[in-house]
Amino acid sequence: MNPIQTKLQLEAKYARLGEVIDALVSKDFTARGISHELYDAAREQTGLPLTMAAAEHLRQHVGKGDRVLIFTGWPSRSWLIKGLTETDGPVGAAVLARALEQALGVIPILVMEKSLIPFGEVALRAAGLIVSDLETALKSKPGPPSASVAAVIDFPTSWEEGRLAVDPLLKQIQPKAMISVELPGANAERKYHNVTAREVPSELVIKADLLFSEARKRGIATIGIGDGGNELGMGNVRSAIAAHLYRGEAVAPATEVDILIASVISNWGACGLAAAIAALAGKPEVLRAIDVIRITDRLVDAGAIDGLTAYVDPKNDGTSHEINRALMNFLYMSVTMHLDGWVKG
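Computed from a prediction, not measured in an experiment: that's the story for all the values here.

A. Focus on the sheet that holds strand β2 (residues 107-112). Judged by pairing direction, the sheet is parallel, and its seven strands sit side by side in the order β3-β4-β2-β1-β5-β8-β9 without closing on themselves. Looking along the sheet, the strands with just one partner apiece sit at the ends: β3 (130-132) and β9 (259-262). Strand-to-strand twist of the sheet, defined as the mean angle between neighbouring strand axes without regard to direction, takes the value 25°. Bridge analysis of strand β1 (residues 67-72) against β2 gives five bridges, and the strand direction is parallel. Bridged to R67 within β2 is I107. Sitting on the sheet, helix α11 (residues 266-281) is in contact with β5 (177-181), β8 (221-226) and β9, with an inclination near 135° to β8.

If you want it as C-alpha cells, here you go:
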C-alpha cells in the first residue's frame, strides 16, 4: 500500500500558505543534517506541502464528534530507566489535540505507554483541555451541548498482546484518523532504534505499528510526524533514511502512513499541522489559544527531559522558549495574513 500521491487538491492560497508553514517547520535550523533529505523524499509522495496536505486529508476524514487517536511518547534514556520521556512529542500531541478539538470539533485521545500516561494528562491540561477517562471522553460531544474533553489511554507493548488488542480498540473507539508524533517506529525485524542506531527495548514501546497498518486497511486516515528518520511513519521514506542516516538500513521503520510530515523537530511538525488545520477551518484564533510554553513547562515540572541536552530543561530538542514562542507567532501571522490577503494601504 503506497502513501497518497496526488489525490489531494488545494486552493492556491492554501497551497501557498502550506509552503510557508512547511518552510518554518522543516528547514534544518538545528543542523541535524538530515531534515532536508527526509522532507524532500516525503514531499515527492504528495506533490503538495506536507502540513497542508495532512490537514486537508484530516478535514476530509473527520468532523464534529469524531474520534482521533494521537500517539506519542518516546521512551528516553531507555537503557537506564523506565517511565521517562522527552518534551518532543507530548508537546506537539497536546497542541494537535487542542487544535483538532477547537477547529474541527473532534474528540482527541492520546495513546501512550502506560508509565508515560501522566505526561500526556499534564500536557493536555496545559493545552486547555479537560482530561477524563475514555468512556467520559467518548460521550463528550453528543451534539449541542458539548465539552472540550480528551483522554489518555495505553496500548500493549507486547507484539502478541498488541495484535489481540487492535480489533477491540478500533471497534470501541471507531477512530476516523490516527496521528503519530515522535513515536518509535519498528523496522522490518520489529526492532526499534534511536538515531545513533542504539536499540530501544521493545518492551518500552507501544505496538502502534499494528494499529496503523490495520487502520490503512480500513480506510482510517493515518499521519506520521517525525524528525530523525526512526519514527513511526518514516517507512514512507526508507530509501532516504538508508542513504543519509548512520546505519539507516537497520534503523528505517517499516510502517507506512498516508502522509508523512518530516520536520526539523517533531513538535514543530505538529505545530505546523495545527496551523494548517486552523487555516482550513478559518479559525486562526485557535493558534492564539494554545500556549506551547505552558505545555512545555508543565511537562518539565512533571519530569520530562529535553531530548538534546538530556536535562530536565524547558526546551524542545534544544530550542528555547523564545524560539518556540517565535515559531507560534510566525505561524499565526502567516495564517492570518494569507487568509485575509495582502493589502497595501
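On we go.
B. Looking closely at the pairing of β8. β8 sits mainly inside the fold: six of its six residues count as buried. The side-chain alternation of β8 yields two buried faces, one formed by A221, I223 and I225 and the other by T222, G224 and G226. In this sheet, β8 lies alongside β5 in parallel orientation, the contact comprising five bridges. Bridge pairing links A177 to A221 in β8. Relative to β9, β8 runs parallel, the two sharing four bridges.

Here is what the cut-offs are and how they apply
- Residues numbered from 1 in each chain as written.
- Predicted model: local features only at pLDDT ≥ 70, side-chain atom pairs only at ≥ 80, totals over all residues.
- Heavy atoms only, no water.
- Pairing = 2+ DSSP bridges.
- Helix = DSSP H or I, 4+ residues; strand = E, 2+ residues; numbered from the N terminus.
- Axes fitted to C-alpha atoms, helices over the stretch in contact; angles between N-to-C directions.
- Contact = heavy atoms within 4.5 Å.
- Buried < 20%, exposed > 50% of the residue type's maximum accessible area, 1.4 Å probe, protein only.

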